[in-house]
Each structure stands twice: as C-alpha cells, then as structure tokens.
Amino acid sequence: MAEMKQTYFSAVGRRKEAIARIRLMEGKGVITVNTKPIHEYFPGIVFQKAYQKPFEVTKTSGKFTAQIKVLGGGVPSQLGAVVHGISRALSKIKDGDYRKLLKAEKLLTRDPRAKERRKYGNAQKARAKKQSPKR
C-alpha cells in the first residue's frame with residue numbers, strides 16, 4: 001500500500017464555550033467559516049485584524065486556504081477560537097519555524113478565562129448578593 005501524503009494540517013481552537021476545527025492547506029488564501037467566507041461570518045475591521053494576525057506574524061498571508069467549522073459561544077469567543085486554531089495549525093507546519101513566532105505573540109496559549117459559575121443562595125448572578133430587608 002502506498003504511503004499517502006497528508007494534504008492538510010488540522011487543529012482545534014477553543015475559547016470560552018466556542019470550539020473551532022480548522023483544516024489548513026496550501027492554496028490561494030480563501031478562508032471559509034461554516035461554508036461562508038470569513039469576511040461575511042466575522043464582518044468589520046477589528047475582527048479582520050484579529051483573524052489575520054497569525055498569518056501576518058508568520059508572513060504567510062494569502063498562502064494558505066482554510067476550512068473552519070465553529071460552534072458554541074458568541075461571535076467574539078468564536079473568533080478567539082478561530083485565531084487559536086489557525087495558530088495551532090500553522091505551528092504544525094514543518095517547513096517554516098512558525099512556532100517560535102506564534103509563541104512570542106502569545107497566539108498558541110488558550111485563554112483560560114470563562115464565565116464564573118453561579119453559587120447557590122445568591123441572587124441570580126455569580127457574585128450578586130440577596131438584598132437585605134432590614135432598615
């Protein structure tokens with residue numbers, strides 16, 4: 001049986017409740033998120049700068065095509081998961097030594113911040129206290 005060459009680099013990115021599965025392959029720079037172009041899924045200049053940062057750091061803008069499936073969380077946390085996943089996929093590429101560059105920019109570190117759990121006996125939120133009836 002002939003050995004098949006891997007045609008893509010896959011990675012998983014996470015942020016809060018969002019999970020992004022990335023397939024990165026050499027191509028024309030077309031990135032799709034849930035079958036939509038990325039600029040439609042994440043509109044706006046701020047979002048655009050965020051998802052292009054891993055490519056700018058490694059100087060690979062337009063060299064890779066990505067297929068991304070993201071689920072869970074809100075739009076900002078989905079974007080964080082996508083950036084994390086793209087960075088992890090780029091770090092797996094053997095040709096360039098991208099890992100050091102991405103690590104220096106802290107793009108490979110998973111952001112541990114998440115919603116604080118609600119404690120029983122409290123009013124509605126995690127840190128809200130019940131109102132005292134005394135006057």
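In what follows, the structure referred to is the one given above.
First, a word on what this report is: a plain description of the structure on this page. (Residues numbered from 1 in each chain as written. Predicted model: local features only at pLDDT ≥ 70, side-chain atom pairs only at ≥ 80, totals over all residues. Heavy atoms only, no water.)

Attention now moves to the side chain of Gln78. Here Gln78 shows up in helix α3 (residues 75–91). In this structure, Gln78 is in contact with Ala18, Tyr41, Phe42, Val70, Leu71, Gly72 and Gly73, ignoring residues within four places of it in sequence. (Helix = DSSP H or I, 4+ residues; strand = E, 2+ residues; numbered from the N terminus. Contact = heavy atoms within 4.5 Å.)

Now for helix α2 (residues 45–57). Across its 13 residues, α2 extends 18 Å between first and last C-alpha, which sits within 8% of the 18 Å expected from 1.5 Å per residue. At Tyr51, α2 is bent by approximately 40°, the largest bend along its length, and proline Pro54 sits one to four residues beyond. Looking at the buried residues of α2, the elements they touch are β2 (18–26), β3 (31–33), α1 (38–41), β5 (64–71), α3 and α4 (98–104). (Expected span 1.5 Å × (residues − 1). Bend = angle between axes of the 7 residues up to and from the residue.)

By the definition in use, this model includes two aromatic pairs. Ring centres 6.1 Å apart and planes at 75° place the aromatic pair Phe42 and Phe47 in the edge-to-face group. Using a relative accessible area of 24% as the deciding quantity, one classes Phe47 as partly exposed. What links up through ring pairs into an aromatic cluster is the set Tyr41, Phe42 and Phe47. (Phe/Tyr/Trp six-rings, centres within 6.5 Å; stacked < 30°, edge-to-face > 60°. Buried < 20%, exposed > 50% of the residue type's maximum accessible area, 1.4 Å probe, protein only.)

Take a positive patch on the surface next. Judged by side-chain charge, Arg14, Arg88, Lys92, Lys94 and Arg110 come together as a positively charged surface patch. Here Lys92 shows up in the loop between α3 and α4. (Patch = residues over 30% accessible without salt bridge, like charges linked within 9 Å, V, L, I, M, F, W, Y side chains within 5 Å. Areas by Shrake-Rupley, 256 points an atom, 1.4 Å probe, with all protein chains shown as cover. Salt bridge = Lys/Arg side-chain N within 4 Å of Asp/Glu carboxyl O. Lys, Arg positive; Asp, Glu negative; His and termini not counted. Charge placed at Lys NZ, Arg CZ, Asp CG, Glu CD.)

With 17 residues, α3 extends 24 Å between its outermost C-alpha atoms, agreeing within 8% with the 24 Å of an ideal straight helix rising 1.5 Å per residue. The buried count for α3 comes to 13 of 17 residues, which makes it a mostly enclosed element.

Bringing the pairing of β2 into the picture now. Two elements, strand β1 (residues 9–15) and β2, share seven bridges in a ladder whose sense is antiparallel. In the sheet register, Val12 faces β2, and the bridge partner there is Arg21. Two successive antiparallel strands, β1 and β2, enclose a turn made up of two residues, where Lys16 displays a positive phi of approximately 50°. Pairing analysis gives eight bridges linking β2 to β5, with the strands arranged antiparallel. Across the sheet, Ala20 pairs through a bridge with Val70, a residue of β5. (Pairing = 2+ DSSP bridges.)

By themselves, these figures tell us nothing about what the structure is for.
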